[in-house]
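Survey of secondary and tertiary structure
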Amino acid sequence: ICDNCGKCVEACSYEAREIAGEWVTVEYLLAEVEKDRDFYSNSGGGVTVGGGEPAYQPDFIREFLKQCQERWLHTAIETCGHTPWKNLVGILEYVDYILIDIKHMDPEVHKLITGVSNKLILSNIKKIVSSQAKPIIIRVPIIPGLNDAETNIRSTAEFISGLGKAEGIELLPYHRLGISKYEQFDKPYPLRELIAPEVDYMKKLDDIIASYGLTPEK
């Protein structure tokens, strides 16, 4: 019963196991970020925290983003949104740009394909829009047969357009890059038979988004 102590790594003389990841401090991350400051200055980019889910480490992420902004670095967060509002609200104080996912608008279907309902996610999106005067992009991964139906895209666009201000939606077509990761861990890839949606169909979905007065982001 693994408790992540790492002793099995030390004991294996064939180096068949290794520890993935490491404990770091805010100061360590800031030093890494500062190495690329010239790139940020030339590109207009900045620092994006993603995951996993960054909002599950709210104190650490908040302090890190706070110090990034104190160094005049643009900040962004990528979040699935399924986290208590108390975790998000403190982080968002030091975020310039917000990227958040909606996997499906039907709460039951969302639970079927992700394991959780979307109610907390949609509630957090509403709170973000009402309390934060910052750019927010809603991202929808388009997975054939799971959430790519036009009815779901229309429901998503209707929800976003009803928030009171126009927000962008980025439709992300499914790709097969995850197969190699599963193979590395000798795990079966459950979506091996799926293929990426056609370009013409993605254009059709973008047109649906645009028909609600929203901007399809690229």
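Report follows, based on the coordinates. All values derive from a computational prediction rather than experimental measurement.

**A few points about the nonpolar core**
Among the nonpolar cores identified, the biggest contains 43 residues, and Phe64 and Ile125 are the most heavily contacted of them. A per-element tally of this core places helix 7 (residues 119-131) first, with five residues. Listed in part, the five residues of the second largest apolar core include Ile143, Tyr174, Ile179 and Tyr189.

**Quick look at the packing of aromatic side chains**
Scanning all chains against the criterion turns up one aromatic pair. Here tyrosine 182 and tyrosine 189 contribute two aromatic rings whose centre-to-centre distance is 4.9 Å and whose plane-to-plane angle is 85 degrees, an arrangement assigned as edge-to-face. Given a relative accessible area of 34%, tyrosine 182 falls into the partly exposed group. Relative accessible area serves as the criterion here: at 13%, tyrosine 189 is assigned to the buried category.

**Things to note about the pattern of salt bridges**
On inspection of all chains with the given rule, the structure shows 11 salt bridges. The shortest N-O distance in the salt bridge between arginine 62 and glutamate 93 comes to 3.0 Å. Taken as a pair, arginine 62 in helix 4 (residues 58-70) and glutamate 93 in the loop between helix 5 (85-92) and strand 3 (97-101) lie far apart in primary sequence, 31 residues in all. Notably, a salt bridge pairs aspartate 207 with lysine 203, separated by 2.9 Å at the nearest N-O pair. Pair noted here: aspartate 207 and lysine 203 are both in helix 10 (residues 199-211), with a separation of four residues, about one helical turn.

**Examining the sheet that holds strand 2 (residues 75-79)**
Taken in spatial order, the six strands line up as 1-2-3-4-5-6 in an open sheet, and their pairing is parallel. The sheet terminates laterally at strand 1 (47-49) and strand 6 (215-216), the two strands that pair on one side only. Pairing of strand 5 (residues 168-173) with strand 6, which is carried by two bridges, proceeds in the parallel orientation. Residue pairing across strands places glycine 168 opposite threonine 215, the latter belonging to strand 6.

Rules used throughout
Residues numbered from 1 in each chain as written. Predicted model: local features only at pLDDT ≥ 70, side-chain atom pairs only at ≥ 80, totals over all residues. Heavy atoms only, no water. Core = buried A, V, L, I, M, F, W, Y, C linked by side-chain atoms within 4.5 Å. Buried < 20%, exposed > 50% of the residue type's maximum accessible area, 1.4 Å probe, protein only. Helix = DSSP H or I, 4+ residues; strand = E, 2+ residues; numbered from the N terminus. Phe/Tyr/Trp six-rings, centres within 6.5 Å; stacked < 30°, edge-to-face > 60°. Salt bridge = Lys/Arg side-chain N within 4 Å of Asp/Glu carboxyl O. Pairing = 2+ DSSP bridges.

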